[in-house]
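Chain residues, written in single-letter form:
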Amino acid sequence: MTRREPTTNAELMSREGVPPLPVSAPAMPFQDAARLSLGDTQLRFNMGKATTTIRAKRYKVVDEMPDWQNLREAGRAIKDRTLRHLDKYLLQLEESVTRVGGKVHWAADAEDANRIVADIVKSHGANEVVKIKSLTTDEIGLNEALAHQGIKAYETDLAELIIQLADERSSHILVPAIHKSRAEIREIFRRTLENTENLSDEPRELAAAARAHLRRKFLTVPVAVSGVNFGVADTGTVCIVESEGNGRMCLTLPKVLISVMGIEKLVPSWRDLEVFLQLLPRSSTAERMNPYTSFWTGIAPPGDGPDEFHLILLDDGRSKVLADRHGRQALQCIRCSACLNICPVYERTGGHAYNSVYPGPIGAILTPQLVGVENAGSLPYASSLCGACYEVCPVKINIPEVLLHLRGEVVRHKQATLTGRLSAENVAMQTVARVFASPRRYEAAQKAGRLGQKLMVKGGVIERLPGQLGGWTAVRDVYPIAPQTFREWWKQREKVAKTKPAPRQEPRP
Ligand code: SF4
């Protein structure tokens, strides 16, 4: 049987001469994309099942740690300190990596980073790379950019491979194919891999088919590309955590290794890893210890790993995020995905509705900051603000706080334009703000509302509000304004007290 190569967007773009797009702003408002996802019952079933299972496992392994809250606090404090002195630690990392034989490149944006990777690959006469799952390279659209230069990237993580073969986008930061059932994966493999016509949907068989496909690539492709979980400033060590061993293959077999690291993935010292390597596996895959944790410090002795190591330090909007006093805590994220698995919105809509490499609660606060709130559609509103994400976050990122801050930014951005200032929503909000700012106006509005609601109250509730307010009552009833407010009751009580004669003082016995 002949092997059918996957046809990806990248290949098509390359063929059509379309320049590669870095991963960018959502194309469709979240609420519209979410409505589409909610109509997909298979997707909702797959998501519900997967997130419920991961959540239950996580609770169990986190519960057995008596010092979990202290670990969270330590993780938060280390990340906070790192971000405060990021300039100093980045220079220290560059010095350390150079000292042990690696080469450091600075990339201001996605275009820079993609160009640096392509130049290194071409300088070795290669036209293929093997890749370890990496959100950072997804963020910069590396696969598409390489395809545009005639370089084919092979994803080696099983879930990433499934997504690549299906020509889809990832829907979870840790389990990119979380929305796929085993039967769907079998169909993708049958369609795209050789010798798979009798493949069943047993996990062991599916994994074996992927392994057979990937083993050939590990042994023949000369360049590997990875992301970075942690870069250690004082030793120049780079760390990757993964579960399948594909990363270990990429880090040891190819002759050239290129690691793309977001500048926030830094920790000051080797000892700091102790905290994160406890927090990360329990929060992400609900494991006590991560199955494959690889460290590399510069280049290996000849014949024992890559002869050449390149570290690309990527900014791509992170400096801008760092400058935001409220929003910068998003850079503390260690990409564990616990906030996705707990989020009631993500569980129902899945990751594609976010239309971003970073879905779920972390995506709702990181993407708008990276691409600008003006380009992020309604992502800051993709949350019920229940706070569950904050409770599970291993580095204590206050996601609801950042969401509210970003919603404020969205409003301020709209108010900066004339149409935004004159919009019905803005006019209504400004009026409400004026009413709330004055007790006299507030009381007058209550009285007017009490009169106005008379025709709308049925059975003690208002089932439908007029005009744009109808959106609020489309899914819930509203209680009417009470016949008497607390302040009115208090005033009445004082009046009665004044008219009553003072109680007679009885003489003491
Ligand atoms: S925001 Fe927190 S919970 Fe969510 S992925 Fe990042 S570290 Fe994990």
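Just so it is clear, the structure is predicted and the values come from calculations on it, not from any experiment.

A few words on helix α2 (residues 30–38). Every buried residue belonging to α2 is among Phe30, Ala33, Ala34 and Ser37, and all of these are buried. Along α2, the residues classed as buried sweep out an arc of 100 degrees about the axis, all on the same side. The outward face of α2, more than 90 degrees from its buried face, is lined by the exposed residues Arg35 and Leu36. Residues of α2 that are buried sit in contact with α3 (41–63) and α16 (344–349).

This paragraph deals with the packing of helix α10 (residues 182–192) against helix α11 (residues 203–220). The contact between α10 and α11 brings their axes to 11 Å, and the two run at 30 degrees. In terms of their interaxial angle, α10 and α11 are classed as roughly parallel. Our pair here, α10 against α11, has a crossing hand that is left-handed. Taking contact as the criterion, the partners of Arg182, Ile185, Arg186 and Phe189 in α10 are, on α11, Pro203, Leu206, Ala209 and Ala210. Considered class by class, the residues forming the contact of α10 with α11 number six nonpolar, no polar and two charged.

Mean pLDDT over the protein stands at 90; residues scoring 70 or higher make up 94%. Segment residues 1–24: pLDDT under 50, and 50 contacts once partners within four positions in sequence are set aside and those in other chains are kept.

The environment of the ligand is formed by 13 residues, the closest being Cys333, Cys336, Ser337, Cys339 and Cys393. Residues belonging to the shell around the ligand are distributed by class as follows: eleven nonpolar, one polar and one charged.

Attention now moves to the environment of Pro359. Mapped onto the fold, Pro359 is located in the loop between α16 and α17 (360–371). According to the relative accessible area criterion, Pro359 is buried, its value standing at 2%. Expressed as a C-alpha distance, the spacing of Pro359 and Phe295, which sit 64 residues apart in the sequence, is 28 Å. For Pro359, the residues in contact, after removing those within four places along its chain, are Ser171, His172, Ile173, Leu340, Tyr346, Gly351 and Tyr354.

Considering all chains together, one arrives at 23 salt bridges under this definition. Salt-bridge contacts for Lys131 lead to Glu155; the nearest nitrogen and oxygen are separated by 2.9 Å. Placement of Lys131 in strand β2 (residues 128–131) and of Glu155 in strand β3 (residues 152–155) is noted, with a sequence separation of 24 residues between them. Exposure class is identical for Lys131 and Glu155. Each is buried. Where Arg190 meets Glu187, a salt bridge forms, and the shortest distance between an N and an O atom there is 3.5 Å. Of this pair, Arg190 and Glu187 are both found in helix α10, three residues apart, which corresponds to roughly one turn of the helix.

Okay, the sheet that holds strand β5 (residues 230–232) next. Overall, mixed pairing links the four strands, which are arranged β8-β5-β6-β9 in an open sheet. Of all the strands in the sheet, just β8 (266–267) and β9 (292–297) have a single pairing partner and so form its edges. Lying on the sheet, helix α13 (residues 273–284) is in contact with β5, β6 (237–242), β8 and β9; it crosses β5 at an angle near 170 degrees.

About the thresholds
- Per-chain numbering applies: the sequence of each chain, read as written, is numbered from 1 onward.
- Totals for whole chains, interfaces and linings use all residues, but because this is a predicted model, local features are given only for residues with pLDDT of at least 70 and pairs of side-chain atoms are given and counted only at 80 or more.
- Side-chain measures were taken over the full set of non-hydrogen atoms in the model, leaving aside hydrogen atoms and water.
- Each residue is placed in one exposure class: buried if its accessible area under a 1.4 Å probe, protein chains only, is under 20% of its type's maximum, exposed if it is over 50%, and partly exposed if it falls in between.
- Secondary structure counts use DSSP, requiring at least four H or I residues in a row for a helix and at least two E residues in a row for a strand, with both numbered from the N terminus.
- This arc is taken over the directions from the axis of the helix to the C-beta atoms.
- The contact criterion used is simple: two residues touch if any of their non-hydrogen atoms lie within 4.5 Å.
- Note on method: axes are straight lines fitted to C-alpha atoms, helices fitted across the in-contact stretch only, with angles between N-to-C directions ranging 0 to 180 degrees.
- Angle categories: roughly parallel below 35 degrees, roughly antiparallel above 145, roughly perpendicular from 65 to 115, and oblique for all the rest.
- Rotating anticlockwise by less than a right angle from the far helix to the near helix defines a left-handed crossing, while the corresponding clockwise rotation defines a right-handed one.
- Three classes are used, and their members are as follows: Ala, Val, Leu, Ile, Met, Phe, Trp, Tyr, Cys and Pro are nonpolar, Asp, Glu, Lys and Arg are charged, and the others, Gly among them, are polar.
- Here pLDDT means the predictor's own confidence in every residue, given as a number from 0 to 100.
- If even one non-hydrogen atom of a residue comes within 4 Å of a molecule or strand, that residue is called near it.
- The term salt bridge refers to a pairing of a side-chain nitrogen on Lys or Arg with a carboxyl oxygen on Asp or Glu at a separation within 4 Å.
- In this description, strands pair whenever DSSP reports at least two bridges between them.

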